[in-house]
Amino acid sequence: MSVFDRPTSKELLEAVIDFVDAEIKSDSHPANKKFKFQIVLNVLNIVKREVETGKEVNDKLTKLGSKLIGEDSFSIEKLSKKIRDEEFNHEDKDLIDFLYDLTEEKIKIDNPKYKL
Amino acid sequence: MSVFQEFLENSLQQKIKQLIPLTGGASADINRIILANEDELIVRRTLSQEKSVMAIPKILEAKIQKVVKKNGAPVPAIIFEFSEGKEIGEGYVMEAIPGETIPRKILRDEKFAAAREKLPFEIGRSLAKIHQTQLDDLKALDQVTFSDSLEKLFQVYLSFNQPQPVFDLAFKWLEAQKLTEYGDVLVHGDFRFGNFIISEENLESIIDWELAHIGNPMEDLGWLCVRSWRFGNVEKRVGGLGDIKDLIAGYESNSDIKIDESQLDIWQLYGSLRWGVICMMQTFAHLSGMVNSLEKAAIGRRVSETEFDLMNMIKHKNFL
C-alpha cells in the first residue's frame, strides 16, 4: 500500500526511459548527443532495476552477511574492516562465496549484460 | 587567431588551416593541426601549472618517445617541444600517424580483418622492444615496485571513504602473491587498445605515454588483458582481439624474457583493481562537487564490473 498516486515511481521511470529510447532511435540528434542520451538511458535502467529488486537483494545479502560475520547486524563497512584487519584470510571459502554472490547481485542491477 | 595558434605557426614557420580538438588523456589537451598545405600534425600539451598526481610532465613524455623511437619501436616522431607561459603551456608537436584508435572499429570493421589476425603477435613484439629501451637517458622517471603501486592504489581507494569489500579482498590477495623480478624496464603504463594506432595492415604506433614509469614488464602485459578493454569479445583475452599465446609468442620472439602465465594472471588482477579504483576516482570527482558530469556519475556503477571480474579471477581462477 502506498499513499502516493499512480503513476508509481517505477511507472514514471518507464515513461522517461521510453521517451529517451525514442529520442536515441530518431534521426533528430547528432552522434555526440545520442551518446549522451545512451548514458542517460543506462543510468535510468540502473535506477529502475534497483527500484524493482534492490530492497529484496539488500535484505537477502544482509542476512547472508550476518551469518558470515557471526553478528546480528551486518554492514559493508564492517565486512571491509574485518578483511583489512585480517579477521578473514584471503582464501576463506565462505568469504569468497559471499563476495561472489554480492558481485553477481550488483552486476544484475548495474549491467546485466556484463555477466558471461 | 588564438595566442596558441600564433605560437605554433611561428614555431613551425607555416600557416595553420585548422586546429581540431581531440579527446585524450586525463591530463592532456590534444589538437590535430591541419597545415595550409593539408599536412597534419598532433600537438599534446598541459595548461595546468600544478603537477599532476598521475601523469608525467609533457617534456618527459616527448623525451621517452624520442628514446623509444631511436630503439626502433613504433611511436610518432617528435617535431619540437615547448615550455611556455600559462596561455600556451608545456607540450610537444609530433607527426600525425594515419590510422584508427577507436577499439570498437578496430574489433568490428571488415577493413581491419587482416590486421586483427596479426595484432596480438605484433603488439607483443613491439612491447618487447619498448621494454628493451636503455634507461640511462630516462633517469627522471619514477621507479615503481609492485608493492609501491599497491600501497599507492590502496591509499587512493581509502581516500574515498567508501568501503568495497571485494577491493579489500583483492588487495590482500595481491599482497600474498610472489612476484617474479624480471629486472627494471620502461613501462608504458597505459598499454591497451585506444592507445594503439592501427592501419588496415598492422600496428602503426603506440601513443599516450603520460603514465610511463620504470617497473616490472608484466604490468603492461597484464593491463592489456584486463576484461574492461575487450569491448564485448570476452573470450579473447588480448584486448578482445586474440589469444594470449599469440601475444606471448610475439613478445618472446623479440626478448630474452620468458613469460610465466601465472605472473600475467597476477598483473591482470592488479589491472582490474586499478581500473576499479580509477572508476571510483572519476565518480568521486563528480560526487565531491569538483565537476558536475553525467559520465563521471555513471562510471561509479561500472565499479561493479571490475568487482565481478576480480571475483571471477579469485574464486574461479577464470582470467577470461
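Residues numbered from 1 in each chain as written. Chains lettered and ligands numbered in written order. Predicted model: local features only at pLDDT ≥ 70, side-chain atom pairs only at ≥ 80, totals over all residues.

Enquirer: I tried to follow helix α6 (residues 165–175) of chain B on my own but got confused; where do I start?
Expert: Working note: α-helix, 3.6 residues per turn, so residues spaced by three or four point in the same direction. Counting buried residues in α6(B) gives eight out of eleven residues, a clear majority hidden from the surface. Listing the buried residues of α6(B) in full gives B:P165, B:V166, B:F167, B:D168, B:L169, B:A170, B:F171 and B:L174. Considering only its buried residues, α6(B) is in contact with α3 (76–84) and α4 (93–110) of chain A together with α5 (146–159), α9 (261–287) and α11 (303–316) of chain B. (Buried ≥ 20, exposed ≤ 12 C-beta atoms within 10 Å, placed from the backbone. Helix = DSSP H or I, 4+ residues; strand = E, 2+ residues; numbered from the N terminus. Contact = placed C-beta atoms within 7 Å.)

Enquirer: It is not clear to me how α5(B) should be interpreted in this structure. Could you clarify?
Expert: For α5(B), spanning 14 residues, the distance from its first C-alpha to its last is 20 Å, which sits close to the expected 20 Å at 1.5 Å a residue. Positive backbone phi, at 55 degrees, marks B:N161, one or two positions downstream of α5(B). (Expected span 1.5 Å × (residues − 1).)

Enquirer: Even after reading the chapter, I still don't get the nonpolar core, so can you show me in this structure?
Expert: Generally speaking, a soluble globular protein has its nonpolar side chains buried in company with each other. Of all hydrophobic cores here, the largest spans 74 residues; its most connected members are A:L99, B:A170, B:L269 and B:L273. Per-element accounting of this core gives the leading share, ten residues, to α9(B). Residues lining this core come from more than one domain, with at least three contributed by each of domain 1 (3–95) and domain 2 (103–316) of chain B. In contact with B:A170, other than residues within four places in its own chain, are B:L269, B:L273 and B:L310. Judged by nonpolar contacts, the second largest core, of eight residues, contains B:F4, B:L8, B:V43 and B:A62. (Core = buried A, V, L, I, M, F, W, Y, C linked by C-beta atoms within 7 Å. Domains from an automatic or database assignment.)

Enquirer: Mind showing me how you'd approach the environment of A:G54 here?
Expert: For A:G54, the location among the structural elements is in helix α2 (residues 31–69). For the pair A:G54 and A:K67, spaced 13 residues apart in sequence, the C-alpha to C-alpha distance is 20 Å.

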